[in-house]
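The residues making up each chain are set out below.
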Amino acid sequence: MDRGRPALEAIRHFRPSSLLWLPPLLFLGLFYFYPLGSILQASFARGEGGPAAAFLEALTSPALRGVLWFTIWQAALSTLLTLLFGLPGAYLLARYRLPGKSFIQALTTIPFVMPTLVVAAAFNAVLGPRGWVNLALMEWFGLDQPPIQFTNTLIAILAAHVFYNTTIVLRMVGDFWSHLDPRLSQAAQVLGANRAQALLRVTLPLILPAVLSAALLVFIFDFTSFGVILVLGGPRFATLEVEIYYQTIGLFNLPLAAALSLLQLGCTLGFTLLYSRLSLRVTRPLPLRPRTFTQKGLHSWRARLTASLYLTVLVVYLVAPLVGLAARSFTRLDPERGQYSPVARGLTLDFYRELSINRRESLFYVPPTTAVAVSFLYAGMTVLLSLLLGLPAAWALARQPGGALSRISDPILMLPLGTSAVTLGLGFILALSRPPLDLRASPLMVPLAHTLVAFPFVVRSLTPALRSIRPRLRQAAAVLGAAPHQIVRQIDLPLVGRALLVASAFAFSISLGEFGATALIARPEYPTIPLAIYRFLSQPGALNYGQALALSTILMVATAVAMLAIERFRIAEIGEF
Amino acid sequence: MAGLSLRDVHKSFGAIRAVAGVSFDVAPGEIVALLGPSGCGKSTLLSIIAGLETPDQGEVFWDGQPLRGTPPNQRGFGLMFQDFALFPHLNVFDNVAFGLRMANMPANQVKARVQEVLELVGLADFADRDVNTLSGGEQQRVALARSVAPRPRLLMLDEPLGALDRNLRDRLLIELADILRHLRQTAIYVTHDQEEAFALADRVVVLNAGRVEQIGTPLEIYRRPNNAFVARFLGLTNLLPAEVITLDGRYFYRTAIGNLPAQQPQANRALILLRPDAVQLNQDGECRLVGKLVRKSFRGSTCRTIVEIAGVQMTFDFLSSTALPEVGEQLELSFQPDEAVQAFPTA
């Protein structure tokens, strides 16, 4: 045998496009795996009590066991409620032609893309002690105290989780259900099953994989919930994610925080594995039918009434908090603390005007306009960084989807998606605040973390668009008379350009709304909008409250604009989000 | 010579010979169908004519001028792709206008021409629609409109109905034929479906494995297939191996179902084609056959039967008005050998 052969083969098969993987993999190695390794190291490297001390503490301390238990059961309960609320909607949207359906579907997506802090502020604006409902009740019945205790209760957490995740059930289950052949259930009915039996025996088993996928996704989101618990749950409730934050920021017990992070990561991984095992068991090959075959109109008046009742509740539930938030940020209703003169109620722009005024004349006080500027600056840097790193990866994936490097790298690129934001932040603190890579003073720290979160979305939205530039389109243009430079201008650039815009909008809105990682690593003098909202919400006074709502409204509008841009510019049927 | 000419065109992809010495002509105003099974080199030929591929050998001429070296955008040909290849980022209007704008047509003329061709394909109200939301039939019409809009001197259609379901195909086939005739469009129509080729084309080029098997009008090809491949491809499956024998000084083909008279045999062995539609249910013909009716299936105006003769199953078509016996019964058939029998010499 010629020993030189394999090496020669490898060189001959080496394609220069493999070099495209270098920047993204280098980035992930430095800012994902290295921090993760630091977490691993920190959790085992405790001086006293042996290497497993942090884990022992995490698992034996009654308080921490309580946290773990609460994390699991609140996620389970939230998931159950989300399914109960979402499944009828999925059925309705899947099986019936309804007037204004696409509008309803678009509306239900809005909560899902909103930053947690906006959602928390929105529920606060409607049901909080200074929210619309409580103020109205106090006014009508002449009460001194807000009658409804909503914030800092479990109800608030559950309500926000259901608000957030219902759209996952509507989308994932609804989409699958809408392609399920209705003749299967009809066959069951012809064979003597009544409608309930047909649903239970035929339809539900068939849609079970979709229900399971949706449920698991919802569960993982609820399991790693951070902002909602922190703001709406108050000090009484802590999930693992919140506990990691407290241990890091409040108690500076980094080994324990690291151990908790690993515990959480392990749980998430376990749930995902469990899910893939389960879904393998229940998935059957199904002939999917186009929607025109599967959908019918609502015929009886009873059905129409039930449907409109449900849809009204759905729309009000998903939209009212956000509308309430925006309206409340423009309305003065309650007196400032220490103010006894009657309040001039009505519309006001004060909360927005106050954003740029340093009333306390404190050197340490950061005016909210700074937060807005910082946020937009970070978001811009995130867009730049994630495009710089995402483009080569997407290009490589689009060019050689079957290549060995692509097959290995694709799941690696998605890893940050499965890692909680606070864990990423903790990893940054542990790894990047000491040599060899000390970024504590660098303004890049936050954008780098945001890039890590946005990276999978950027790659996932760029790849199919790059892949969609089939050689056929170039040939078609050439035959129609386009010269090579015209093909680049008329075909390649517009297609890539739109994908770049969509990817940028993803990166931008993710960076604007990111809270978990930012809460850990942002420098106090440069807070982002979500951090400023959090600060204002945790301070007393009508003015602080109003400013929190004003900032939330700004963030909400910016996110909505980004999402509109994505909807507008993404090419239909292309794109995986 | 005016129009398109291909002379001895060859093209290989690695070890695969996609086109091996193809020559044919397309006269101005003529519609020529390239008919053949998938993988016979039809689409490669289109790519070569369009200038998307370069032939390894041979030449493509237009009005006698060789086209080698002329890039696709300067050939003035139109190509409608099998998967339509509509530009996903442009709406219907901009897709159709693409070729016109490449030719620097003034905006007002572009508008008028797009509207004209959209009316021609029955999509007058679709100008502002997103192409990604169109149905298959609508996409097909947009693709057609886009390829005819710049008035190409040659239009090539690559299995334009291939992606559509049966009903839609039958309807669009007629519309497509009307549109092409109306435009007096010089066209090459690629298909694997003989019905499409026969319905549309003035002449048909039957291709197999990169070679031309036969060129002729649809009727010529159907009446007189050149060889067993063409016959089989056209659905003429009554093919029997035969040996030439002499009886009383006359030539006969000896086959499993009996001896058939042979006029001037060219070889000792042949494949005999017995045309399914040239056999009658009576004894008027010169040759007679007796068999058992195994199956009959009603196909509208005709009835297809399978008849077992001496252990061989043969297919025959009769007019539906013919009074056929029941399945399992005997029947007597007759035919005129000069009408019904064709022999393909074999080695």
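Cut-offs applied
Residues numbered from 1 in each chain as written. Chains lettered and ligands numbered in written order. Predicted model: local features only at pLDDT ≥ 70, side-chain atom pairs only at ≥ 80, totals over all residues. Heavy atoms only, no water. 1 Å grid on protein atoms, 1.4 Å probe; cavity = no way out; pocket = protein on both sides within 12 Å on 5 of 7 lines; lining within 4 Å. Points joined across faces, edges and corners; volume = space filled by probe spheres on them. Helix = DSSP H or I, 4+ residues; strand = E, 2+ residues; numbered from the N terminus. Nonpolar A, V, L, I, M, F, W, Y, C, P; charged D, E, K, R; others polar. Core = buried A, V, L, I, M, F, W, Y, C linked by side-chain atoms within 4.5 Å. Buried < 20%, exposed > 50% of the residue type's maximum accessible area, 1.4 Å probe, protein only. Contact = heavy atoms within 4.5 Å. Buried area = accessible area lost by both parts, 1.4 Å probe. Salt bridge = Lys/Arg side-chain N within 4 Å of Asp/Glu carboxyl O. Polar contact = N/O pair within 3.5 Å; in protein donor to acceptor, adjacent residues only side chain to side chain. Pairing = 2+ DSSP bridges. Patch = residues over 30% accessible without salt bridge, like charges linked within 9 Å, V, L, I, M, F, W, Y side chains within 5 Å. Areas by Shrake-Rupley, 256 points an atom, 1.4 Å probe, with all protein chains shown as cover. Axes fitted to C-alpha atoms, helices over the stretch in contact; angles between N-to-C directions. pLDDT = per-residue confidence, 0-100.

### Here we look at empty space enclosed by the protein
Left-over empty space is what a probe sized like a water molecule reveals as it rolls over the atoms.
Residues and elements named next belong to chain B.
Alright, step 1. Under the criterion given, the structure shown has two cavities of 30 Å³ or more.
Alright, step 2. Considering only enclosed or pocket space, the second largest cavity measures out at about 70 Å³ in volume.
Alright, step 3. As for the second largest cavity, its lining consists of V121, Q140, R141, L144, L172, E175, L176 and I179.
Alright, step 4. For the lining of the second largest cavity, the secondary structure elements donating two or more residues are α4 (136-148) and α5 (166-183).
Alright, step 5. Here the lining of the second largest cavity gets four residues from one element, more than from any other, and that element is α5.
Alright, step 6. In terms of residue class, the lining of the second largest cavity is made up of five nonpolar, one polar and two charged.

### Comments concerning the nonpolar core
Alright, step 1. L4 and I188 of chain B are the most contacted members of the largest nonpolar core, which has 187 residues in total.
Alright, step 2. Tallying contributions element by element places helix α20 (residues 445-468) of chain A first for this core, with 14 residues.
Alright, step 3. Sequence-distant contacts of L4 of chain B, defined by excluding residues within four places in its chain, comprise F24, D25, V26, I49, V60, F61, W62, F77, L154 and I188 of chain B.
Alright, step 4. One finds I31, L123, A145 and L161 of chain B within the second-largest nonpolar core, a separate group that totals 39 residues.

### Observations regarding the interface of chain A and chain B
Alright, step 1. Of the residues lining the interface, 20 residues belong to chain A; the matching set on chain B comes to 22 residues.
Alright, step 2. In this assembly, chain A packs against chain B so that about 2,000 Å² is buried in total across both faces, 68% of it on carbon and sulfur atoms.
Alright, step 3. For the chain A face of the interface with chain B, the top three residues by lost area are R472, V479 and L480 of chain A, together amounting to 34%.
Alright, step 4. For R472 of chain A, the salt bridge is made with D83 of chain B, and the minimal N-O distance between the two is 3.3 Å.
Alright, step 5. Inspection of the chain A/chain B interface yields two residue pairs in polar contact (both at pLDDT 80 or more).
Alright, step 6. When contributions to the side of chain A that touches chain B are tallied by element, the ones reaching two or more residues are α21 (471-479) and α22 (484-513) of chain A.
Alright, step 7. For the side of chain A that touches chain B, the element with the highest residue contribution is α21 of chain A, accounting for seven residues.

### Considerations on the environment of D175 of chain A
Alright, step 1. Within the secondary structure layout, D175 of chain A lies in helix α8 (residues 154-178).
Alright, step 2. With a relative accessible area of 38%, D175 of chain A lands in the partly exposed category.

### With respect to the pairing of strand β14 (residues 269-274) of chain B
Residues and elements named next belong to chain B.
Alright, step 1. Most of β14 sits inside the fold, with five of its six residues counted as buried.
Alright, step 2. Where strand β11 (residues 239-247) meets β14, five bridges bridge the pair, whose relative direction is antiparallel. Residue pairing across strands places L239 opposite L273, the latter belonging to β14.
Alright, step 3. Where β14 lies against strand β19 (residues 341-346), six bridges are found, and the strand directions are antiparallel. Bridge pairing in β19 links A270 to P345.

### A word on the environment of A256 of chain B
Alright, step 1. Mapped onto the elements of the fold, A256 of chain B is located in the loop between β12 (250-255) and β13 (258-261).
Alright, step 2. Among all residues touching A256 of chain B, those that are not within four sequence positions of it are A310 and V312 of chain B.

### Some thoughts on a nonpolar patch on the surface
Residue and element names in this part refer to chain A.
Alright, step 1. Taken together, the side chains of L77, L80, L81 and L84 present a nonpolar region at the surface, about 340 Å² in accessible area.
Alright, step 2. Structurally, the position occupied by L84 is in helix α4 (residues 62-95).
Alright, step 3. Under the relative-accessibility criterion, L84 is labelled exposed at 59%.

### Observations regarding the sheet that holds β11 of chain B
All names here are of chain B.
Alright, step 1. The strand order across the open sheet formed by five strands is β13-β12-β11-β14-β19, and the pairing between neighbours is antiparallel. The sheet is open, and its two borders are formed by β13 and β19, each paired with just one other strand. Each strand of the sheet is rotated relative to its neighbour by a mean of 40°, with strand direction disregarded.

### Re the confidence of the model for chain B
Close reading of the predicted structure is inappropriate where its pLDDT is low.
Alright, step 1. For chain B, the average pLDDT comes to 88, and 99% of its residues sit at 70 or higher.
Alright, step 2. We note a pTM of 0.69 for the whole complex and an ipTM of 0.72 for its interfaces.

### A word on the pattern of salt bridges
It is possible for side chains bearing opposite charge to pair when their charged atoms get close.
Residues and elements named next belong to chain B.
Alright, step 1. What the rule picks out here adds up to 18 salt bridges over all chains.
Alright, step 2. Across the pair D94 and R101 runs a salt bridge whose closest N-O atoms are separated by 2.9 Å.
Alright, step 3. In this structure D94 comes out as partly exposed when scored by relative accessible area, which is 24%.
Alright, step 4. R141 is the partner of E175 in a salt bridge, and the nearest nitrogen-oxygen pair spans 3.2 Å. With E175 in helix α5 and R141 in helix α4, this pair connects stretches of sequence that are 34 residues apart.
Alright, step 5. In this structure E175 comes out as partly exposed when scored by relative accessible area, which is 28%.
Alright, step 6. Taking relative accessible area as the criterion, R141 reaches 12% and is therefore assigned buried.

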